[in-house]
Amino acid sequence: MANLPILQYEDKILETVEQNPVVVIIGETGSGKSTQLSQILHRRGYTKSGVVGITQPRRVAAVSVARRVAHELGVRLGEEVGYAIRFEDRTSERTQIKYLTDGVLLRESLSNPDLNQYSVIILDEAHERSLNTDILLGLMKRLVKMRASNLKVLITSATLDGDKVSKFFSDCPILTIPGKLYPVEILYSEERPSSYLESSLKTALDIHIREPEGDVLIFMTGQDDIEKLVSKLEDKVRSLEEGSCMDAVILPLHGSLPPEMQVRVFSPPLPDCRRFIVATNIAETSLTVDGVVYVIDSGYVKQRQYNPSTGMYSLDVVPISKVQANQRAGRAGRTRPGKCYRLYPSRVYHDEFLDVTVPEIQRSSLAGSVLYLKSLDLPDIDILKFDFLDPPSSESLQDALKQLYLVDAIDGNGSVTSVGQTMAELPLEPSLSRTLLEANKYGCIAQALTVAAMLSAETTLLSGPSKTVEKKRKLAPPDLPDGSGLGDHIQLLQIYEHWYQTDYDIGWCKDNDLKVRGMMFVRDVRKQLSQIMQKLAKGPLDVLANRERQHRDYRSLRKALCVGYGNQLGERMIHHNGYRTLGFKPQVVQVHPSSMLKPDEEGKFPDYLVYHELIATSRPYMRNVCAVDMKWVMPIMNKVKTLDINKLSGGIDHIQKNSEEHVPDISKKEVAVTGLPGDRESRIQAARERFLARKATK
DNA sequence: GAGCACTGC
């Protein structure tokens, strides 16, 4: 700790913080900013007038950094130094230094918009530009004006981002703290390879044959490519002449790998054995692998993005940003000088890569965030004039307003309703919080809580589609409930209720290919939601699972879902099983083939359904659907007719001007890369054309 | 008849 570069800057930091309400800190990797900034401010007495709060984008980071600081200060974790993450608050009245996830700080400012308990707020890793960090940046700008005398804000960022953040905060000072990285030699390819999988393979083998010992970290875009590269690399390494090279182990590393496989990369390296770690961007920030000396960077990343003009998500392979490229390269210089092989020319890095990753706020549906900001009810804040570092497009904001209007969260003038105010208290997307409130009226709150919790963890539930599991599954298909033919929401409900009846048996999860950690998470979420609902209802609610006497057709629950998903309805076409989405921008979509929805005797799906999300892969699909009745749909359709976007947004001219200035509109930008599996838009377009052609011939 | 980057309240 004594050698951390940041400590030489202690006086400079304190002097700057004293003279300025906001300071941007460029803290390079290994500078010690996350652990030391809080302690420096503590030593100067900033913890006497309030808590020093430090946000982290990830839970594990909040916990591990808090633990280290507590250790360095010689205090017990949870006393003077503590942390707060979802489901876990380890702070006390004595806490002076508090690490928390940015989501938790946002929740805190819902009940205390001035964040009075804090004397200092440090937004760490702001360059990662998570949705929550971006909203916090906007809130901080307002807060430092209001609490100019007693609040200091520090924002840590990356070199390429510092000027922009400083400008956002009235040209506040920027301090650069050098890191403790070893030099990393950057080697560029002469041109972009036609296949970055083959190119990675070749580069990895070259390193293995020519370079001295040291582990190799290879950045790929997804599980598929990782599995392919791992098996090819294994073949090639095995075919090398014995004794010509040292031994090698090849390890995949990605998010859907079971935890016990993930930790393999942390076990101590074997002597005279080179490790190849083939990873997604999980190894960019979330996981740090020791011993890496060589990095191979494909220059691509898989990103989920939302298109507000269609209401559809897609998962695209896109070029990384300069910040990401530098972050990847830095992974080679943690223990000694390293090398980074970039599988693209330097021209591409300089001319084509964006400086900073497109912020999440420009790639997500904003319904939840807009409701959150509106519900803060800050007199001087109008969401459409809200000062974002990178404002979302007006299209995206209008999309959010329309969605909120349809689920009764805002009225025709764009003001939050009492329903909307209550919805904002729940840590859920608007469709699910609205479902909970409606279910409470119909006496099926326990079921709705289960569905909401299951959907909060949906992607983490079923074990990954790895080929071995698929094979196993054919031999012994899991014995899971089928949703009674009514769709996926009902199936998720039945799965949880079944698990509840086994008394949360872990063995049952494993037997049925359910991820144990995912199901545990569902249990936690459900408990949290139950507590919040009890508080909101100002009285006891029977929230225990399996307690409600229900019709076999789950009518009450499906009716509640129909109201909650008032912005996500589909109407079946007359002659086939395609659907047209209802609402403002009708899309032609299909039920996802993985759905549990059952057609009737004539092979027809129900006339109406709600969907959890639209996802464009090879075609536009509705994922997670539930059958609903036409008579529940009609009131919502009538509401669509009453919508007036100009009234909703209270005049939108200013944001349109605003967004044209700074916003690279991700929905229209050419993000897809030729020849890569990311060219979604054109594939969707092609699918649409095929569909129309087929329709025309009928 | 298809497929899942990573977080987080």
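Residues numbered from 1 in each chain as written. Chains lettered and ligands numbered in written order. Predicted model: local features only at pLDDT ≥ 70, side-chain atom pairs only at ≥ 80, totals over all residues. Heavy atoms only, no water.

1. Here we look at the overall build of chain A
For clarity, the cut-off: Secondary structure is summarised from DSSP: a helix means a run of H or I of at least four residues, a strand means a run of E of at least two, and numbering begins at the N terminus for each. Under the scheme applied here, a residue whose accessible area is under 20% of the maximum for its type counts as buried, over 50% as exposed, and between as partly exposed, the area being computed with a 1.4 Å probe on protein chains only. Any pair of residues with heavy atoms lying within 4.5 Å of one another is described as a contacting pair. A 1.4 Å probe and the Shrake-Rupley method give the accessible areas. Residues count as covered only by the protein chains that appear here.
The secondary structure content of chain A amounts to 25 helices and 21 strands. Counting over 698 residues, chain A shows a buried share of 55%. Residue pairs in contact within chain A that sit at least 24 positions apart in sequence constitute 76% of those at least 6 positions apart. For chain A, the computed accessible surface area is about 31,400 Å², with 50% contributed by carbon and sulfur atoms.

2. Quick word on the confidence of the model for chain A
The condition that has to hold: Residue-level confidence of the predictor is summarised by pLDDT, bounded by 0 at the bottom and 100 at the top.
Per-residue confidence for chain A gives a mean pLDDT of 85, with 87% of residues at or over 70. The element-level mean pLDDT for chain A is lowest in helix 24 (residues 653-662), coming to 39, with strand 6 (residues 118-123) highest at 96. Predicted confidence is poor over residues 464-476, with pLDDT under 50, and the contacts of this stretch with residues over four places away or in other chains come to 11 contacts. Between residues 651-698, whose pLDDT stays under 50, and residues either more than four places distant or in other chains, the model counts 71 contacts.

3. What about the protein's contact with DNA strand B?
Short version of the rule: Consider each residue's heavy atoms; a residue with any of them within 4 Å of a molecule or strand counts as near. Definition of a polar contact: a pair of N or O atoms within 3.5 Å, with one able to donate and the other able to accept a hydrogen when the atoms are protein atoms, and with sequence-neighbouring residues admitted only if both atoms are side-chain atoms.
Neighbouring residues of DNA strand B: 26 residues in total, closest Arg59, Arg86, Gly255, Lys302 and Thr617. Among the atoms of DNA strand B close to the protein, meaning within 4 Å, 67% are from sugar or phosphate groups. Taking Arg107, its side chain carries an N or O atom lying 3.3 Å from a base oxygen of DNA strand B. Ser618 is positioned with one of its backbone polar atoms (N or O) 3.2 Å from a phosphate oxygen of DNA strand B. Mapped by element, the contributors of at least two residues to the surface near DNA strand B are helix 4 (102-111) and strand 14 (300-307).

4. A short note on the sheet that holds strand 9 (residues 184-188)
Applicable threshold: A pair of strands is labelled paired if DSSP reports no fewer than 2 bridges between them. Fitted lines through C-alpha atoms give the axes, limited to the stretch in contact for helices. The angle between two N-to-C directions lies from 0 to 180 degrees.
What the 6 strands build is an open sheet, ordered 9-16-13-10-12-11; its pairing is parallel. The open sheet is flanked by strand 9 and strand 11 (247-253), the only strands paired with a single partner. Between one strand axis and the next, the sheet turns by 15° as a mean value, whatever way the strands run. Sheet topology note: the strand 10 (residues 215-219)/strand 12 (residues 273-279) ladder contains 4 bridges and is parallel. Note that in strand 12 the partner of Ile218 across the bridge is Val278. Against the sheet, helix 7 (residues 196-210) contacts strand 10, strand 11, strand 12, strand 13 (292-297) and strand 16 (338-342), and its axis sits at roughly 155° relative to strand 13. Strands in contact with helix 10 (residues 322-330) are strand 9, strand 10, strand 13 and strand 16; relative to strand 16, the strand with the most contacts, it is inclined by about 140°.

5. Some words on the sheet that holds strand 2 (residues 51-56)
Reading across the sheet, the 8 strands line up as 4-3-5-2-6-7-1-8 and stay open at both edges, with mixed pairing between neighbours. Of all strands in the sheet, those with a lone pairing partner are strand 4 (88-90) and strand 8 (174-177), marking the two edges. Strand-to-strand twist in this sheet, taken as the mean axis angle between neighbours without regard to direction, amounts to 20°. Lying on the sheet, helix 1 (residues 10-19) is in contact with strand 1 (22-27), strand 7 (152-157) and strand 8; it crosses strand 8 at an angle near 165°. Helix 2 (residues 33-43) contacts strand 1, strand 2, strand 5 (97-101), strand 6 and strand 7 of the sheet and is inclined by roughly 145° relative to strand 5.

6. Here's the deal with unusual backbone geometry
You will see that Asp503, though not glycine, has its phi angle at about 60°, which is positive. Looking at where Asp503 falls in the secondary structure, it is placed in the loop between helix 18 (488-501) and helix 19 (506-511). Asp503 gets classed as exposed once you look at its relative accessible area, which sits at 62%. Unlike most non-glycine residues, Tyr554 shows phi in positive territory, near 55°. Note that Tyr554 resides in the loop between helix 20 (516-537) and helix 21 (555-564).

7. Some thoughts on the packing of aromatic side chains
As a reminder of what qualifies: We call Phe, Tyr and Trp rings a pair once their centres come within 6.5 Å, taking the six-membered ring for Trp, and we label the pair stacked below 30 degrees between planes, edge-to-face above 60, and tilted otherwise.
Scanning the entire structure with this criterion turns up 13 aromatic pairs. Here the aromatic rings of Tyr188 and Tyr344 are separated by 6.3 Å at their centres, their planes lie at 65°, and the arrangement is edge-to-face. One end of the pair, Tyr188, is in strand 9; the other, Tyr344, is in the loop between strand 16 and helix 11 (346-352), and 156 residues separate them in sequence. Given the relative accessible area of 31%, Tyr188 is considered partly exposed. Residue classification places Tyr344 among the buried residues on the basis of a relative accessible area of 2%.

8. A look at the side chain of Ser130
With respect to the element layout, Ser130 can be found in the loop between strand 6 and helix 5 (131-146). Taking the relative accessible area as the measure of exposure, Ser130 reaches 15% and is therefore buried. At a separation of 2.8 Å, a polar atom in the side chain of Ser130 contacts the side chain of Thr133. The residues touching Ser130, leaving out its near neighbours within four places in the chain, are Asp102 and Glu360.

9. Regarding the pairing of strand 16
The buried count for strand 16 comes to 4 of 5 residues, which makes it a mostly enclosed element. Bridge count between strand 9 and strand 16: 5 bridges; the pairing is parallel. Note that in strand 16 the partner of Tyr188 across the bridge is Arg342. Here 4 bridges tie strand 13 to strand 16, and the two strands are oriented parallel to one another. Bridge assignment links Asp297 to a residue of strand 16, and that residue is Arg342.

10. What about helix 15 (residues 430-442)?
Our working rule: Take the number of residues in a helix, subtract one, and multiply by 1.5 Å to get its expected span.
The end-to-end C-alpha distance of helix 15 is 19 Å, a good match for the 18 Å that 13 residues give at a rise of 1.5 Å each. Within helix 15, 10 of the 13 residues are buried, leaving the element largely enclosed by the surrounding structure. For helix 15, the set of buried residues is Pro430, Ser431, Leu432, Ser433, Arg434, Thr435, Leu436, Leu437, Glu438 and Ala439. Backbone geometry just downstream of helix 15 places Gly443 in the positive-phi region, at approximately 75°.

11. A short note on the pattern of salt bridges
Which entries qualify depends on this criterion: One side-chain nitrogen of Lys or Arg within 4 Å of one carboxyl oxygen of Asp or Glu is enough to make a salt bridge.
For the structure shown, the criterion picks out 35 salt bridges. A salt bridge links Arg304 to Glu613, with the nearest nitrogen and oxygen atoms 2.8 Å apart. Taken together, the residues span a long stretch of sequence, with Arg304 in strand 14 and Glu613 in strand 20 (residues 608-616) at a distance of 309 residues. When its relative accessible area of 11% is taken as the criterion, Glu613 is described as buried. With a shortest N-O distance of 2.9 Å, Arg434 and Asp408 are connected by a salt bridge.

12. Focus: the packing of helix 18 against helix 20
Under the convention used in this document: The labels follow the angle: roughly parallel below 35 degrees, roughly antiparallel above 145, roughly perpendicular from 65 to 115, and oblique for the rest. Polarity classes work like this: nonpolar for Ala, Val, Leu, Ile, Met, Phe, Trp, Tyr, Cys and Pro, charged for Asp, Glu, Lys and Arg, and polar for all others, with Gly in that last group.
Where helix 18 meets helix 20, the axes come as close as 12 Å, and the angle between the chain directions of the two elements is 95°. Taken together, the axes of helix 18 and helix 20 lie roughly perpendicular to each other. Along the contact surface, helix 18 presents Ile495, Tyr496 and Trp499, while helix 20 presents Met519, Met520, Val522, Arg523 and Arg526. Within the contact of helix 18 with helix 20, the residues separate by chemical class into 6 nonpolar, no polar and 2 charged.

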